[in-house]
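Tertiary structure, described
Here's the letter readout for the chains.
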Amino acid sequence: MIPDLPPVAPSVTAELVAALTPRLRKRLDAGMAKLADRPVVRDGDIVRIAIDDDTDLELHAPDGTVASADAVRCGCLLAPDCLHRAAIASAAPVADDTNSPADKGSSPEDEAATEQEADEPETPTPDQRSAAHALLSAAAAVLEAGTDGAGAVLQAELLRAAHTARLAGLHRAAASAVSVVTALRAARAADPAYRLDDLVARLRDVLSVAHRVPDATGTELTELRGTARQPYRPDGSLRLYGLFSEPVLTASGYAGAVTWTADAEGRLYQVSDVAPGGAGRAMGAADRAVRLGDTALTHRQLSRAGLAVSGATVSPSGRLGAGAGVRAVAAPGAGWREEPLDRLWAVPVAEQLDRALTGGHDLLFLEVTLVGTAAEATGECLLAACGAVVLRLTRAHDDPALPHRDNLRLLAAARGSRLRVVARLTPAPHPRAQLLATEHPVLSGTRVDVGFDRLQHADLPTVPASPAQGAPTAPAEAPVHLLRRRVQQAVSGGRRVLSFSGDTAADARRLGRSGLATAGELLEVLHASAAERSRDVFGRLLPTDPARFAHAWLAAARYTDELDRALCAAAWSG
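Residues numbered from 1 in each chain as written. Predicted model: local features only at pLDDT ≥ 70, side-chain atom pairs only at ≥ 80, totals over all residues. Heavy atoms only, no water.

**Brief notes about the packing of helix α6 (residues 126–149) against helix α19 (residues 546–572)**
Taken N-terminus to C-terminus, the directions of α6 and α19 make an angle of 85 degrees; their axes are 9 Å apart at the nearest point. The orientation of α6 with respect to α19, classified from their angle, is roughly perpendicular. Across from A140, L143 and E144 in α6, the residues of α19 making contact are P546, A547, F549, A550 and W553. Classifying every residue of the contact of α6 with α19 by side-chain character gives seven nonpolar, no polar and one charged. (Axes fitted to C-alpha atoms, helices over the stretch in contact; angles between N-to-C directions. Helix = DSSP H or I, 4+ residues; strand = E, 2+ residues; numbered from the N terminus. Parallel < 35°, antiparallel > 145°, perpendicular 65-115°, else oblique. Contact = heavy atoms within 4.5 Å. Nonpolar A, V, L, I, M, F, W, Y, C, P; charged D, E, K, R; others polar.)

**Things to note about unusual backbone geometry**
Put simply, A79 and P80 share a cis peptide bond, and its omega is 5 degrees. Here P80 is to be found in the loop between β4 (72–74) and α4 (83–91). The step from E339 to P340 runs through a cis peptide bond, and the omega angle for that step is 5 degrees. Note that P340 resides in the loop between β9 (327–331) and α13 (342–346).

**Overview of the pairing of strand β6 (residues 254–262)**
With nine of nine residues buried, β6 lies mostly within the body of the structure. With burial as the criterion, each face of β6 is covered, one bearing Y254, G256, V258, W260 and A262 and the other bearing A255, A257, T259 and T261. The hairpin formed by β6 and strand β7 (residues 268–276) contains five residues between the paired strands, and G266 there has a positive phi angle of roughly 90 degrees. (Buried < 20%, exposed > 50% of the residue type's maximum accessible area, 1.4 Å probe, protein only. Pairing = 2+ DSSP bridges.)

**Things to note about the sheet that holds strand β5 (residues 233–249)**
Read from one edge of the open sheet, five strands run β7-β6-β5-β8-β9, paired in antiparallel fashion. Each edge of the open sheet is held by one strand with a lone partner, namely β7 and β9. Taking the axes of each pair of neighbouring strands and ignoring which way they run, one obtains an average angle of 35 degrees across the sheet. Pairing analysis gives five bridges linking strand β8 (residues 306–314) to β9, with the strands arranged antiparallel. Bridge pairing links A308 to V329 in β9.

**Things to note about empty space enclosed by the protein**
Under the criterion given, the structure shown has three cavities of 30 Å³ or more. Contributing to the lining of the second largest cavity are E144, R495, S529, E532, T544, D545, P546, R548 and F549. Top contributing element to the lining of the second largest cavity by residue count: α19, with three residues. Grouping the constituent residues of the lining of the second largest cavity by class yields two nonpolar, two polar and five charged. (1 Å grid on protein atoms, 1.4 Å probe; cavity = no way out; pocket = protein on both sides within 12 Å on 5 of 7 lines; lining within 4 Å. Points joined across faces, edges and corners; volume = space filled by probe spheres on them.)

**Things to note about the sheet that holds β4**
On the basis of which strands lie adjacent, the open sheet formed by four strands has the order β1-β2-β3-β4 and antiparallel pairing. Among the strands making up the open sheet, the edge pair consists of β1 (40–43) and β4. Across the sheet, the mean angle separating the axes of adjacent strands is 20 degrees when strand polarity is ignored. Pairing between β1 and strand β2 (residues 46–50): four bridges, direction antiparallel. For V40, the partnering residue across the bridge sits in β2 and is I49.

**Examining the environment of C381**
Within the secondary structure layout, C381 lies in strand β11 (residues 379–386). Accessibility expressed as a relative area gives 2% for C381, which makes it buried.

**Quick look at the nonpolar core**
Core analysis: the biggest nonpolar cluster contains 58 residues, and L135, L143, L158, L203, L207 and W553 have the highest contact counts within it. Sorting the residues of this core by element identifies α6, α7 (152–167), α8 (171–188), α9 (196–212), α10 (218–225), α16 (481–493), α18 (517–531) and α19 as the ones contributing at least two each. Core analysis: the next-biggest nonpolar cluster, separate from the first, contains 34 residues, V12, V47, A86 and A92 among them. (Core = buried A, V, L, I, M, F, W, Y, C linked by side-chain atoms within 4.5 Å.)

Take a look at the structure:
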């Protein structure tokens, strides 16, 4: 993926790749690699890439997005049927038309469309069943190949299926399919923002929705369809208090900042500034004025100040719209240990956990004592005592341009410090969350946005705090990782990495001894479906059945996800 390019609509990429001859399709990934080394020049709404001294490739994005195949133009002799157009579209970020427009609030046309969606029939339409089948086939092909084998052609097939699904009203599955493609591109480009867990979750959602839609009815079908965009509704006047800001950096090429605020009753609202860009844009967004009314506050300032908003519009997730009728002015803020923010930490942890695991916001407001560090495959995490449990606080981002890693390393030296923190729950068989903001370990009343503020050695206690007395130890974990590892390996390496049984029987027995007999059975079925190859009457191997393998993988992935949630709730209970 070339991040300097404007995002390209999924349907455009699918159309350009589909128009290639079979011979050119085989050369598509190599063509993308060649373009990655070419300089990108932006001239207003036009982005140019010099293929050679005499030939330019152009992307026309008048609204910031390449919305049609005609907007991708090449000056070579083979155009418009050349490889270059498909290659540049496949190398550009995938446009996400469900995000950026929401900043502007909803129009009467949007609300009318939402009402029309609510009146759709209670059973799936033929188009929705057909779109679900196409999504299932395309996603199964991606899983069959794994990230290493899912090149531009398979990605384009999934984008085509996503576009068809969106036209049929399957907005949730379409958005997840686009996210799968962007994650695949990030994985193949070794992008620091790529996370295997995110790709697993998106692929699981695509397959799950596509599998369930044909037989769904009523409220289940409504949930599976999703909506084209989050509708914004009027919410009158709001008095908000800044909590913290966090950087946004996605594998799909979007970056910026989100500032979280709360009202007097403890309801959370977000002000966001997210657009195409990389880590540089994410860091710069902290000092960019928020896009809300006439206020001149930056995100960094708002995280510690307040806002008085009139004519507010709010999405179901609490995101504030920035429509023309919204007015906002700066107002005094409040400390974390002052009202009304203090009440966020007064909510019992069990209640916060239940909310996060049942579809509410996933932020946790915790009182912790830093007790040390623990080594993990991705680096060290921070250990903190939280009531009767040991919590692992991890980085929200691994990009070296962001200060998460350095801040956690310095906080580890403040062992024994008792702090209030804001973290994002990570469902796992042990208490685990991403650290987003914390009280300063020395300066009372000062808070640190872990993704923006950079701690220094001078910010640490001059005399190391003594370790917490009687700090709890982490309990032994159920070996669910034996199944989770296979689920992840399938996504990374495809079906073939699981086609050899290896120590499957031993792992299944171990799972059974731990009370996870179903996990053991799913593990054996997953390996069996990967290894299964039929032969024709002449003894020749027949092609594999991606659908059967995808079904076995989906069962294992959904079971692992639900088990992680159950074990997470149990682990946090101490």
